[in-house]
Amino acid sequence: MKTVTSRTDGWVLSIDQASNFAGVSLWRDGRLFDTTVLNGGGSDVFSRRLCHQVPQLTAFLDRNVARDTKVHKVIFEGVRARLVLITVGAFLTCPRIDAKMHQQFSFVESSSWKKWAQSQGATGPFKEIKGVKSLKETGFPTDKYPDMTDDIADSIMMYKVWSLS
């Protein structure tokens, strides 16, 4: 008899990628485990920012996930800007990640997580539904996470939508 597993089983990394700061939430078996922000180091050069972020992501996973374990599920925000999409490739070079990417299952469009947040109580114009304010309005206990940023909040909302699909 085959055991049925949920897509949220195991480790899942949700990244709201950007060219300067990236919000990251790490989930284990459907529960938020830890969060961080990957800082681009303030460089004006895009590739230098990524060179700062990938080691930060590796160190974050080293602190949280057993050395002999790799993260096999990674989700990103679906964006059209090629420069921002390059960060996806850079993050996947992290030696702690071994994820298969699929257009339909690895990316969450901002309109999807904004629609979800709105359905859960987030207020304001659709364009402005994002960040800590909107996440808090969905009922998520943001006060329990003193280092919560808008980028991390967005990664959490992305995960919430992904976990439902």
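By convention here, each chain's residues receive numbers from 1 onward along its written sequence. The predicted nature of this model means local features are confined to residues of pLDDT at least 70 and side-chain atom pairs, given and counted, to a pLDDT of 80 or more, with totals for whole chains, interfaces and linings taken over all residues. Excluding hydrogens and water, the side-chain figures rest on all heavy atoms present in the structure.

1. Brief notes about helix α3 (residues 110-119)
Along an α-helix, residues three or four apart share an orientation, since each turn contains 3.6 residues. Here the term buried applies to any residue with accessible area under 20% of the maximum for its type, exposed to any over 50%, and partly exposed to those in between, with areas from a 1.4 Å probe on protein chains only. The helix count covers DSSP runs of H or I at least four residues long, the strand count covers runs of E at least two residues long, and both are numbered beginning at the N terminus. Taken residue by residue, α3 has W113, K114, W116 and A117 as its buried positions. One side of α3 holds all its buried residues, which, seen down the axis, span an arc of 160 degrees. The outward face of α3, more than 90 degrees from its buried face, is lined by the exposed residues K115 and S119. The secondary structure elements touched by the buried residues of α3 are β4 (73-78), β5 (107-109) and α5 (150-164). Of the residues trailing α3, G121 is marked for its positive phi of about 115 degrees. The arc in question is formed by the directions pointing from the helix axis toward the C-beta atoms. It only takes one pair of heavy atoms within 4.5 Å for two residues to be counted as in contact.

2. Things to note about the pairing of strand β1 (residues 11-16)
With six of its six residues buried, β1 lies for the most part within the structure. Across the two faces of β1 the burial is the same, with W11, L13 and I15 and V12, S14 and D16 all buried. A pair of strands is considered paired only if DSSP assigns at least 2 bridges between the two. Inspection of the sheet shows β1 paired to strand β2 (residues 21-28) by six bridges, in the antiparallel sense. Each residue of the ladder has a partner; that of I15, found in β2, is V24. As judged from the four bridges shared by β1 and β4, these two strands associate in the parallel manner. Residue V12 lies in a different strand from β4, and its bridge partner there is K73.

3. Some words on the confidence of the model for the protein chain
One number per residue, pLDDT, summarises how confident the predictor is, and it ranges from 0 to 100. In this model, the protein chain carries an average pLDDT of 91, and 96% of its residues clear a pLDDT of 70 or more. Mean pLDDT values over the elements of the protein chain span from 82, in helix α2 (residues 82-91), up to 98, in helix α4 (residues 131-137).

4. Focus on the packing of aromatic side chains
Two numbers describe a pair of aromatic rings. These are the distance of the centres and the angle of the planes. Classification of ring pairs rests on two measures: the distance between centres of Phe, Tyr or Trp rings, Trp counted by its six-membered ring, which must be within 6.5 Å, and the angle between planes, read as stacked under 30 degrees, edge-to-face over 60 and tilted in between. On inspection of all chains with the given rule, the structure shows five aromatic pairs. For the pair W11 and F33, a centre-to-centre distance of 4.9 Å together with 85 degrees between the ring planes defines the contact as edge-to-face. Here the residue W11 occupies a position in strand β1, and F33 occupies one in strand β3 (residues 31-39), the gap between them amounting to 22 residues. According to the relative accessible area criterion, W11 is buried, its value standing at 12%. The exposure class of F33 is partly exposed, given its relative accessible area of 40%. A connected cluster of aromatic rings, assembled from ring pairs, spans W27, Y159 and W162.

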